[in-house]
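# Analysis of the macromolecular model
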Amino acid sequence: MELITASKVHLPEIKRIAYETWPATFGAILSEKQIAYMLDWMYSIPSLTSQIDEKGHVFILAQEGDEYLGYVSYELNYSGLPKTKIHKIYLLPASQGKGVGALLIDRVGEIATENQNKALLLNVNRYNKAVGFYEKMGFNIVGNETIDIGDGFLMEDFMMEKPL
Ligand SMILES: CC(C)(COP(=O)(O)OP(=O)(O)OC[C@H]1O[C@@H](n2cnc3c(N)ncnc32)[C@H](O)[C@@H]1OP(=O)(O)O)[C@@H](O)C(=O)NCCC(=O)NCCS
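Here's what I pulled together on the structure shown here.

What counts as what
Residues numbered from 1 in each chain as written. Predicted model: local features only at pLDDT ≥ 70, side-chain atom pairs only at ≥ 80, totals over all residues. Heavy atoms only, no water. Near = heavy atom within 4 Å. Polar contact = N/O pair within 3.5 Å; in protein donor to acceptor, adjacent residues only side chain to side chain. Helix = DSSP H or I, 4+ residues; strand = E, 2+ residues; numbered from the N terminus. Nonpolar A, V, L, I, M, F, W, Y, C, P; charged D, E, K, R; others polar. Buried < 20%, exposed > 50% of the residue type's maximum accessible area, 1.4 Å probe, protein only. Arc of directions from axis to C-beta. Contact = heavy atoms within 4.5 Å. Core = buried A, V, L, I, M, F, W, Y, C linked by side-chain atoms within 4.5 Å. Salt bridge = Lys/Arg side-chain N within 4 Å of Asp/Glu carboxyl O.

### Brief notes about the site of the ligand
- As a matter of local geometry, the ligand sits amid 19 residues, with Ile89, Gly97, Gly99, Gly101 and Lys136 nearest to it.
- For the ligand, an oxygen atom lies 2.7 Å from a polar atom in the backbone of Gly97.
- Elements with a contribution of two residues or more to the shell around the ligand: β4 (83-91), α4 (100-114) and α5 (130-136).
- Top contributing element to the shell around the ligand by residue count: α5, with 5 residues.
- Looking at side-chain class alone, the shell around the ligand contains 9 nonpolar, 7 polar and 3 charged residues.

This is the structure:
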């Protein structure tokens, strides 16, 4: 298995993985309408392009042979702080529970450290079982955040942080 930095040619693949993974992840937590709204907002090709070009997000893909298993995206020096924000981490259902998520988090941690960042940050839906995964990876819950994302939808998140 290889971890590669994604370029624009990989955006349709990232979108495909999200559309395959989100219903299984959020089907019991969010309405179908909210899932469709959020996927369109975050994973249209123009939105992904602007995340990379304008917002400084970097995507890493986990690749096995000619298949992509999932991705993580991160942003160094988030909000001008020496901290790295993990914006997204999603693995195809068949690739979960095999250690790939831990490898992706560790790789982002290494890159953050190389860039003098002292912590990893992320937001996670309060009802997502990934909270347990993050705790296992050394993150602590440091706050709650409810974000109005428009169209009457809310994101009800925990904020988590892992010191490096
Ligand atoms: C969350 C996710 C990225 C984790 O990656 P993963 O490859 O499945 O997790 P790993 O196999 O690397 O697990 C690493 C460790 O965490 C533990 N772990 C995994 N999920 C856990 C959970 N829900 N609760 C507690 N521990 C968990 C594993 O047992 C493993 O422990 P070990 O090192 O003692 O064996 C992945 O499952 C995923 O993509 N889920 C769906 C999408 C999602 O929810 N993304 C997060 C959005 S904020």
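Past the structure itself, the notes keep going.
### Let's talk about helix α3 (residues 45-53)
- Every buried residue of α3 is listed here: Ser47, Leu48, Ser50 and Gln51. Axial view of α3: buried residues confined to an arc of 160°, hence all on one face.
- Check the buried side of α3 and you find it contacts α1 (11-26), α2 (32-43), β2 (58-64) and β4.

### Details of the nonpolar core
- Counting 25 residues, the largest nonpolar core has Ile86, Leu104, Ile105, Val124, Tyr134, Phe139 and Met160 as its most contacted members.
- At the level of secondary structure, the elements contributing two or more residues to this core comprise β2, β3 (67-75), β4, α4, β5 (119-125), α5 and β7 (153-163).
- Take this core: its biggest share by element is 6 residues, from α4.
- Listed in part, the 24 residues of the second largest apolar core include Leu11, Leu61, Ile149 and Met155.

### Some thoughts on the pattern of salt bridges
- Within this structure, the stated rule accounts for 6 salt bridges.
- Residue Glu20 pairs with Arg16 through a salt bridge whose shortest N-O separation is 3.0 Å. Placement of both Glu20 and Arg16 in helix α1 is noted, with a separation of 4 residues, approximately one turn of the helix.
- Salt-bridge contacts for Arg107 lead to Glu110; the nearest nitrogen and oxygen are separated by 3.6 Å. With a gap of 3 residues between them, Arg107 and Glu110 both fall in helix α4, about one helical turn apart.
- If you follow the salt bridges from partner to partner, you end up with Glu13, Arg16 and Glu20 in one network.

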